[in-house]
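Report on the structure
These are the residues of each chain, in order.
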Amino acid sequence: MITIECEKVSKSFGPRGSPHRTVALDNASIDIERGELLCFIGPSGCGKSTLLNIIAGLAEPTSGEVLIDGTPVNGPLPRKIAFVFQESALFPWRTVIDNVKLGLAFQQVPKGERDDRASEALQAVGLADFANHYPRQLSGGMKQRVQLARALCLGTDILLMDEPFAALDEQTRMVMGEDLSVLLARTGKTIVFVTHSLVEAVFLADRVAVFTARPGRIKTVLSVDEEHPRKQSFMKSAKLAEMRNELYDLLHDEVRKTMELRGEAGESGARAQSRGLRR
Amino acid sequence: MIALGQRLVQVCVLVAILALWQFATTNGRINPLLLPSLPVVTTEFLGMLRTGAFWPDLRVTLYELVVAFALASTGGCLVGFLVARSGFTIRVFDPIIAGLYSVPTILMFPLYVLIFGIESGSKIALGATVAFFPVALSTISGLAYVDPILVAAARSMGASTTQMFWNVMLPAAFPAIIAGLRLGLVIAFLSILGTETLASIAGLGHEIVSFGESMETAKMFACIGFAILLALALNSTASFVEAKVRRGLE
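By convention here, each chain's residues receive numbers from 1 onward along its written sequence. Chains carry letters from A onward and ligands carry numbers from 1 onward, assigned in written order. Given that this is a predicted model, residues contribute local features only at a pLDDT of at least 70 and side-chain atom pairs are listed and counted only at 80 or more, while totals for whole chains, interfaces and linings are drawn from all residues.

1. As for the overall build of chain A
Elements are defined by DSSP. Helices are runs of H or I of four residues or more, strands are runs of E of two residues or more, and each kind is numbered from the N terminus. Along its length, chain A carries eight helices and ten strands. Here the globule rule is a power law, 2.2 Å times the number of residues to the power 0.38, and the radius of gyration is based on C-alpha atoms. For a compact globule of 279 residues, the expected C-alpha radius of gyration is about 19 Å, and chain A comes in at 20 Å, within 12% of that figure. The principal-axis extent of the C-alpha atoms belonging to chain A is close to 70 × 45 × 40 Å. Counting other C-beta atoms within 10 Å of its own, a residue is labelled buried from 20 upward, exposed at 12 or fewer, and partly exposed in the gap between, with every C-beta atom placed from the backbone. A buried classification covers 41% of the 279 residues belonging to chain A. Taking all contacts inside chain A whose residues are at least 6 apart in sequence as the whole, residues at least 24 apart take part in 70%. Any pair of residues counts as being in contact when their C-beta atoms, constructed from backbone geometry, are within 7 Å of one another.

So this is what it looks like as structure tokens:
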């Protein structure tokens, strides 16, 4: 059963008709099954985070639409979708447990239930002992786990994660990936996950949507046929290596294109500047 | 231990200044009319304290300060909040308020005396005017530069406009707002004392000037002593309230 439908979603930034207007996302269409874990992967600036924000109702598409369970999205859906951000999106003046509880308070969950659900979620991410710490007292990995707990305790069917491990070192993200696989196998949520890491994408996802360079389109969707929770053995398997290589080939040209686009822009900018100097 | 060392040095500096004062005023090194000696000033100060002669003027100054600061903080926070509601109003009004802030408001004082009278009214009006700007500007910048990620996070969790204001905007903007309020309090105090010395019939500033004009410098210094004590009291009250509110928000 399909829960998220993206229908020809496009997004442009900058004033209409201006030469500075950029198309970040160009007619991206994809259907996401209930309970699957889908990864968005692609070069920087390909619009994968933009599409995630549009699904979350945090950004508006220029054209096209997103349907959640058949209803068009036009704003956040806190009862259906929880979001984990790339950077630390914790409120620095609140303790860990109060951060986790805040979303429940927004949704007017009764106080006793709030406490129970928040403690449970912290337990699930292994941070029960840090309930009364402040975010600044935690490491990067712990902060992201608090964000995950905050998203989990909302009890939504859909979880969107925007490069949640991007700021972490490779070893920490490896462990976080394993934990996430275990956690998600239990909850049965629908998850859309943006990443730059090829290995992470293959290790976690049921399907991987590969984006092209700007303007971002969905180039192909690869399926990773492997049971959750995924074990260390899968990380070391030939199957993962093979899929990683396939992704590498698919992405390589796109990443080059992105860099060339930027290089060109830089050159013409420099030329314009030197022209200005000569005058 | 380090804190104790710091205190010790601070006390030594204070003692050194007082000793220098005493040294300069003994054996006629400095005309006692310009700088009376420490014991003479202390006697005057204690005398005023005993008779309560300082109280009517101190009360006038305090009253002016309290009213001026109440007006400035209410008005400044309110205007700041209204301006910070959209990017458009910020782009339009923030430069206007910042521009007006750079106008030397003291030049308005003669006009204020004409409008509000030579009594407390003109001092309150000027104090409130000068203190309004830092409060309004810091409220705008505090509310306008709340981390967009925090706003998005609260939105995704279903925060209503009211919940967003109390749980995200206000605590995030709080350090900036409190800094603006403190600055407003200090410059309101300074401008009230200053304008009392220009044209007034009462107040600490008025007393200081009239003692100065009648060459009663010992009494003048005693009044300056009261002004300094008042400034210290204001500062520690502000710190105390700030710490209290900060803890309340956490």
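Anyway, onward from the coordinates.
2. Some details on helix H1 (residues 48-56) of chain A
Residues and elements named next belong to chain A. Among the nine residues of H1, nine are classified as buried, and the element is accordingly described as predominantly covered. Burial in H1 covers these residues: Lys48, Ser49, Thr50, Leu51, Leu52, Asn53, Ile54, Ile55 and Ala56. Just downstream of H1 lies Gly57, where phi reads positive at about 80°.

3. Description of the confidence of the model for chain A
Confidence per residue, as judged by the predictor, is encoded in pLDDT with a range of 0 to 100. On average, residues of chain A score 84 in pLDDT, and 93% of them reach the 70 mark or higher. For the stretch residues 265-279 of chain A, pLDDT sits under 50, and the model shows zero contacts to residues farther than four places along the chain or on other chains.

4. Observations regarding the domain arrangement of chain B
One widely used convention gives an interface's size as the accessible area the parts lose upon coming together. Domain start and stop points were drawn from an automatic or database domain assignment. Partitioning chain B into domains gives domain 1 (1-30) and domain 2 (37-249). Between domain 1 of chain B and domain 2 of chain B, the C-alpha centre-to-centre distance is 31 Å.

5. So, the interface of chain B and chain A
With 14 residues of chain B at the interface, the matching set in chain A holds 15 residues. Elements supplying a minimum of two residues to the side of chain B that touches chain A: helix H7 (148-156) and helix H8 (161-198) of chain B. For the side of chain B that touches chain A, the element with the most residues is H7(B), which contributes six residues.

6. Comments concerning the sheet that holds strand S4 (residues 63-68) of chain A
Residues and elements named next belong to chain A. Strands are treated as partners if at least two bridges between them are detected by DSSP. The antiparallel open sheet is built from four strands, whose spatial order is S2-S1-S4-S5. Edge positions in the sheet fall to strand S2 (22-33) and strand S5 (71-72), since each of these pairs with one other strand and no more. Pairing of strand S1 (residues 2-13) with S4 involves five bridges; the strand directions are antiparallel. Looking at the pairing, Ile4 lines up with Ile68 of S4. Lines fitted to the C-alpha atoms define the axes, with helices restricted to the stretch that makes contact. Angles between their N-to-C directions range from 0 to 180 degrees. Contacting S1, S2 and S4, H1 runs over the sheet at an angle of about 120° to S1.

7. Things to note about the packing of helix H3 (residues 55-83) of chain B against helix H9 (residues 204-213) of chain B
Residue and element names in this part refer to chain B. For the pair H3 and H9, interaxial distance at closest approach is 7 Å and the crossing angle is 135°. Considering their axes alone, H3 and H9 lie oblique with respect to each other. Packed against H3, whose contacting residues are Asp57, Leu58 and Thr61, the element H9 presents Leu204, His206 and Glu207 at the interface. Tallied by class, residues from the contact of H3 with H9 come to two nonpolar, two polar and two charged. In what follows, roughly perpendicular refers to angles from 65 to 115 degrees, roughly parallel to angles under 35, roughly antiparallel to angles over 145, and oblique to any angle outside these ranges. Residue polarity follows a fixed list, in which Ala, Val, Leu, Ile, Met, Phe, Trp, Tyr, Cys and Pro are nonpolar, Asp, Glu, Lys and Arg are charged, and the others, Gly among them, are polar.

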